[in-house]
Amino acid sequence: MATKSKTDSEKHIEDISKKLNALVALQLRTLFNEDDFSVRRKKGTGDLVSYFSNFGLDPKDISEITGSPLKSVRTLLTPTRKKNGK
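Remember, it's a predicted structure, so these values are computed and weren't measured experimentally.

*Asks:* Would you take a moment to explain helix H3 (residues 59–66) for this structure?
*Replies:* Residues spaced three or four apart along an α-helix face the same direction, because each turn holds 3.6 residues. Looking only at H3, the buried set comprises Ile62, Ser63, Ile65 and Thr66. The arc that holds every buried residue of H3, seen down its axis, measures 165°, which confines them to one face. One side-chain oxygen at the N-terminal end of H3 lies 3.0 Å from the backbone nitrogen of Lys60; it belongs to Asp58. Residue Gly67 follows H3 closely and has a positive phi angle near 75°.

*Asks:* What's the story with the pattern of salt bridges in this structure? I'm lost.
*Replies:* A side chain with one charge may pair with a side chain of the opposite charge, provided their charged atoms come close. Applying the stated criterion across every chain yields a total of 2 salt bridges. Among the ionic pairs, Glu14 bridges to Lys18, the shortest N-O distance being 3.7 Å. Taken together, the positions of Glu14 and Lys18, both in helix H1 (residues 2–31) and 4 residues apart, correspond to about one turn of that helix. When its relative accessible area of 44% is taken as the criterion, Glu14 is described as partly exposed. With relative accessibility at 44%, the residue Lys18 sits in the partly exposed group. The partner of Asp15 in a salt bridge is Lys19, with the nearest N and O atoms 3.2 Å apart.

*Asks:* I would appreciate a short explanation of helix H2 (residues 45–54) in the present structure.
*Replies:* Listed as buried for H2 are Thr45, Leu48, Val49 and Phe52. One side of H2 carries all its buried residues, which in axial view fall inside an arc of 100°. Opposite its buried face, H2 presents the exposed residues Asp47 and Asn54, each directed more than 90 degrees away. The first or second residue beyond H2 is Gly56, which carries a positive phi of 85°.

*Asks:* Looking at this structure, I do not really get the confidence of the model for the protein. What am I missing?
*Replies:* Detailed reading of predicted coordinates is not advised where the pLDDT is low. Looking at the protein, pLDDT values average 80 and 77% of them are 70 or higher. The lowest-confidence element of the protein is helix H5 (residues 79–84), averaging 59 in pLDDT; the highest-confidence one is helix H4 (residues 70–76), averaging 94.

What counts, and at which threshold
Residues numbered from 1 in each chain as written. Predicted model: local features only at pLDDT ≥ 70, side-chain atom pairs only at ≥ 80, totals over all residues. Heavy atoms only, no water. Buried < 20%, exposed > 50% of the residue type's maximum accessible area, 1.4 Å probe, protein only. Helix = DSSP H or I, 4+ residues; strand = E, 2+ residues; numbered from the N terminus. Arc of directions from axis to C-beta. Polar contact = N/O pair within 3.5 Å; in protein donor to acceptor, adjacent residues only side chain to side chain. Salt bridge = Lys/Arg side-chain N within 4 Å of Asp/Glu carboxyl O. pLDDT = per-residue confidence, 0-100.

Okay, here's the thing in structure tokens:
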């Protein structure tokens, strides 16, 4: 039974995490006065990815918040790109 309870807890935590990511993403759009919700690359995404990474956020969460593909977020977080300042 302890395993089932842990699984339920993990599901609740994952659900809360998704909702918080959505709220952060909406606040970010408000901050940048964005009203266009189309899917396209936005300027400054690399800076945002680094900023959120410095708080210890998982690349998956950063991807959801910024609306960028997970692969792109991981690429932006690679040590060589960070070292070269790209």
